[in-house]
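Understanding the architecture of this molecule
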Amino acid sequence: MIRLRTFGAVTLERDGIPLKGRNTQRRRLALLVLLASARRKPVSRDRLLGLLWPERDQDRGRHALAQLVYELRRDLGASVITGGADDLVFDDDLTSDVGDFEDALQVGSMERAVAVYAGPFLDGFFVSGAAEFERWAEARRRELATKHVHAVEMLAVAATNRGDFSAAAELRLRVAALDPLSARHALAAMNALARAGDRPAAIHHAQLYAQVVRGELDVDAEPSVTQLAAELARPANPERALPAAKKPAVVEDESAPPNEPPDRERRWRRSLRASLPLVAASLLLFGGGMVLRALRVESRATARLVVLGEIASPDTLLSLAAREVVRAELERTPDVIVLDDGVVASTLRLMKLPPTVPLTEAVADDVALRNGASLVIVGRIATLGSSIEIVARLLDPTRTTPMAVLSTRPRTNDDVVRALAEIGSELRGRATRARVDNGVPLPAITTSSLEALRAYTLARAALARLDRPAAIAYGEAAVAHDSDFALAHYLVGDLLWYVDQEHRAEEHLGRAYRLSARLPVRERLLVRARYAQVVLDRPDSALGYWRALRAAYPRESLGYEGAVWTDLATGAFEDAAAAADSALGIDSTAAPQIRNRMIALLALRDTARALALARGAGARWPYLEQQVRIAEYLLRADLPGLQRLIDSIAPPVVRGRPNMELAPTRQALLLSLGRVREAANYGAVVIATLHAQFAIRAELFQARNELSSVNGSPERGRALLRAAITRLDSTDLSPPATARLAELAAFVAAAAGDQESLATLRAIVAERDAGRNLRSHVLAQITIDAADAFVHGDYASAIRQLDRTRAQSFYGRSECALALLQADALRLAGARTRADSLYSQVSTPGRLRDDGDAWLSLRPIAIANLASAALPRRGDVAAMVSDGSR
């Protein structure tokens with residue numbers, strides 16, 4: 001059975017397995033979506049042509065549609081699409097979730113409709129050059145979203161009518177999250193919460209609603225909402241308390257944490273807190289700004305902040321592994337937050353202690369008091385003959401006696417991880433006064449294998465000391481012991497991406513994503529954020545997860561760190577700077593936070609604050625100040641000053657050879673000064689010694705200047721271009737890295753008139769994309785097509801396609817290269833004024849978003865063209881671009 005899924009991500013499945021290759025091409029899917037949405041009713045071919053091929057004439061459009069139908073029938077079955085000469089029908093051999101959704105609504109099965117609706121219709125799906133389809137999709141998306149909200153409301157009414165007020169409250173909250181600016185939905189949620197017996201939650205919801213309205217619309221909340229909150233704040237009649245929870249079997253001292261709410265409130269609040277993050281996490285899949293903003297207002301006011309101290313053991317590795325298990329169990333639900341390790345390290349430094357000091361009870365108590373944590377957990381693992389005993393103590397840092405002491409003795413090594421998970425679960429229950437269910441099939445750490453856990457712990461330790469190869473090796477050992485170890489798959493996938501092993505990274509991250517439903521909320525959001533960013537090439541979707549993560553865990557830096565890079569990728573530099581600043585507020589001494597803040601400030605061209613930040617970091621990271629000083633000279637276009645600075649940091653020659661330190665920037669500077677032959681020496685150093693991405697860039701920057709400079713060699717330029725493309729083909733890069741390097745190579749190939757190189761680049765990008773239509777790959781293919789049109793003399797087409805592709809962005813893209821290619825096309829097409837405007841933008845520092853090395857390398861080409869008044873012959877690059885030193 002073939003099934004089309006349109007809610008959330010668009011996929012085509014056969015017997016539950018997603019199809020790949022040609023079946024994921026966008027126009028194929030769009031055609032199936034249009035037919036599925038018609039629910040077995042014929043759709044005219046003219047209507048399909050107008051939506052999918054609006055720019056083609058009737059004959060060409062009909063031929064394209066006929067070809068598409070032929071391919072679908074060939075690949076999926078002859079009967080999947082039926083119809084005559086004038087219309088087409090989605091046949092019974094295919095099913096779709098959108099069809100099931102509307103069928104369920106038609107027969108009044110609201111439960112089924114709500115279950116089928118997995119996210120906004122065609123979320124993130126687009127078809128290039130089909131604006132009419134985009135408008136249709138947006139209208140359909142709104143229509144289906146409205147129907148979904150109505151269905152959830154109907155379920156809430158039904159729950160209220162049968163007296164299930166808890167279920168009604170959860171459903172009303174779900175509706176309120178879908179439309180957080182609606183006063184009607186806010187009132188309904190508050191009334192439902194009040195009926196369920198949780199007036200404080202209803203009042204708090206009013207406060208959250210007011211915050212969202214103020215933040216989004218800059219107006220006060222509806223008076224009806226504040227009035228209801230005031231009424232609910234009045235004293236209510238006491239209700240009969242619910243029975244106390246059953247005592248956990250392993251609790252030896254059951255002293256309760258102070259100031260807990262009565263049991264009748266705890267029961268509902270626990271249920272509410274458990275359900276809200278799950279609803280929030282599922283809503284994240286839907287996309288959309290309003291939903292993401294709604295997630296930001298999830299309350300953390302009732303969460304208990306815990307310092308997880310040392311779990312002492314003669315076996316140091318087992319001690320570290322035990323902390324991993326207990327931490328995961330404590331944070332299985334967001335009503336407990338374990339103080340972030342970075343915050344703990346910062347606090348220890350303030351206490352004049354090394355960050356590696358054991359968190360004994362006394363030290364952990366002090367850390368807790370300094371950070372407002374209400375609970376401390378310490379433990380020990382002792383050997384008793386051939387077995388072990390695990391003991392954990394739950395402490396109030398303001399009291400001298402333990403609140404609870406938990407103890408268990410696993411019978412065998414195979415029982416150790418589950419025993420630790422049970423301890424962690426009991427601790428969470430004692431911390432929150434909630435019932436615990438020790439029948440959970442899998443620990444929150446997502447493995448029951450002690451061998452896998454030991455390897456994972458070694459991987460985490462290796463990563464902490466920045467030994468990535470060892471971390472990858474230990475992580476792969478962990479998944480070899482347990483192939484369903486989700487967190488180990490995530491760790492390995494993230495590290496493999498970092499070292500440019502994209503395909504293996506995607507395999508591990510994909511596995512982690514498929515297993516993520518079993519993860520605690522924090523880890524689930526983390527995995528899905530990285531999956532969206534690395535595998536799906538969707539920084540916008542990833543940003544939603546990062547924002548939800550930092551809203552749920554505001555004391556941790558993870559959500560802020562992730563948001564920095566996604567904000568940079570989408571061009572939201574102010575947001576990136578703010579996120580980096582928040583991360584610094586959590587841990588002001590950690591190198592990643594300082595570096596991220598500096599990068600964000602430099603993206604905003606704020607060198608003054610970046611320099612103050614770098615100098616404040618002290619002597620531990622001198623390279624930070626060096627980078628800021630280089631940026632200052634670049635923004636002033638002070639090339640002699642930049643050369644003096646670089647020479648003062650790193651001598652040009654060491655032991656008779658070009659110095660590899662700062663070699664990429666030195667090569668770019670020499671190219672900018674027109675010293676092409678000297679630049680080649682440092683380019684060779686980069687190619688021989690540095691990371692593949694640096695090597696490819698060095699080859700391409702050198703190649704472009706060899707082609708255009710009077711001091712260069714076109715033959716050498718073409719050879720460097722081919723070498724760079726060969727290196728790109730053999731390096732397993734992420735989609736944005738592949739795309740930005742392919743675009744830069746296409747820019748050089750256009751100048752060289754090298755059609756063969758362009759064909760190779762097109763094939764590389766298509767192979768890496770594998771029919772997924774990843775955003776950066778799609779944009780790169782448009783750029784390659786523009787370069788190909790340029791080589792063929794079709795400047796009008798090149799200009800149009802560059803207008804299209806330059807309207808969007810992705811991380812690390814060279815705006816200068818794209819602007820130069822378009823300026824050359826405009827100049828050759830006779831549009832001198834617009835061409836000169838682009839040349840001026842490239843030659844002026846800070847006008848276009850690009851890194852300093854790219855701007856230095858490409859600046860002389862722009863200056864030479866801006867100065868030249870003669871219109872060059874098509875393809876005569878040497879005449880078009882002269883030496884940049886003039």
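Quick note: structure is the one above.
These lines cover the structure that appears in this document, whether it is placed above or below. (Residues numbered from 1 in each chain as written. Predicted model: local features only at pLDDT ≥ 70, side-chain atom pairs only at ≥ 80, totals over all residues. Heavy atoms only, no water.)

This next bit is on the pairing of strand E11 (residues 387–395). Counted residue by residue, E11 has seven buried out of nine residues, so it is predominantly covered. Note that strand E10 (residues 375–384) and E11 share nine bridges and pair antiparallel. Looking at E11, one finds that alanine 382 is bridged to glutamate 389. A loop of two residues connects E10 with E11, the two strands running antiparallel in sequence, and glycine 385 in this loop sits at a positive phi of about 65 degrees. Pairing geometry for E11 and strand E12 (residues 404–408), over five bridges, is antiparallel. By the bridge assignment for E12, leucine 394 is matched with alanine 404. (Buried < 20%, exposed > 50% of the residue type's maximum accessible area, 1.4 Å probe, protein only. Helix = DSSP H or I, 4+ residues; strand = E, 2+ residues; numbered from the N terminus. Pairing = 2+ DSSP bridges.)

Within the open sheet, the four strands sit side by side as E3-E2-E1-E7. Their pairing is mixed. Two strands close off the open sheet at either side, each with one partner strand: strand E3 (17–18) and strand E7 (94–96). With four bridges joining them, strand E1 (residues 2–5) and strand E2 (residues 11–14) adopt antiparallel strand pairing. Across the sheet, arginine 3 pairs through a bridge with glutamate 13, a residue of E2.

Here threonine 446, not a glycine, exhibits a phi torsion of approximately 75 degrees, which is positive. The residue threonine 446 is located in the loop between helix H16 (416–432) and helix H17 (450–464) in this model. Among the residues examined, threonine 446 registers a relative accessible area of 0% and is labelled buried. If you check the backbone angles, alanine 770 has positive phi at about 55 degrees while not being a glycine. For alanine 770, the location among the structural elements is in the loop between helix H34 (755–769) and helix H35 (775–791).

Now for the side chain of aspartate 567. Mapped onto the fold, aspartate 567 is located in helix H23 (residues 558–569). One buried charged residue, aspartate 567, forms no salt bridge at all, with the nearest opposite charge on arginine 547 at 4.3 Å. Residues within four places of aspartate 567 in sequence aside, it is in contact with Leu543, Arg547, Ala572, Asp575, Ala576 and Ala579. (Lys, Arg positive; Asp, Glu negative; His and termini not counted. Salt bridge = Lys/Arg side-chain N within 4 Å of Asp/Glu carboxyl O. Contact = heavy atoms within 4.5 Å.)

Within the secondary structure, tyrosine 490 sits in helix H19 (residues 486–498). Tyrosine 490 gets classed as buried once you look at its relative accessible area, which sits at 12%. Residues tyrosine 490 and leucine 509 lie 19 residues apart in sequence; the distance between their C-alpha atoms is 5.4 Å. Beyond its immediate sequence surroundings of up to four residues, tyrosine 490 is in contact with Leu509, Ala512, Leu526, Val527 and Arg530.

For side chains of opposite charge, pairing can occur when their charged atoms come near one another. Enumeration according to the criterion identifies 45 salt bridges in this entry. A salt bridge links aspartate 575 to arginine 547, with the nearest nitrogen and oxygen atoms 3.9 Å apart. Highlighted residues: aspartate 575 in helix H24 (residues 573–586) and arginine 547 in helix H22 (residues 539–552), separated in sequence by 28 residues. Residue classification places aspartate 575 among the partly exposed positions, given a relative accessible area of 39%. Judged by relative accessible area, which is 18%, arginine 547 ranks as buried.

With that settled, consider the pairing of E1. From the end of E1 to the start of E2, which pair antiparallel, there are five residues, and glycine 8 there has a positive phi angle of about 80 degrees. Of the strand pairs in this sheet, E1 and E7 are connected by three bridges, and their pairing is parallel. Looking at E7, one finds that isoleucine 2 is bridged to leucine 94.

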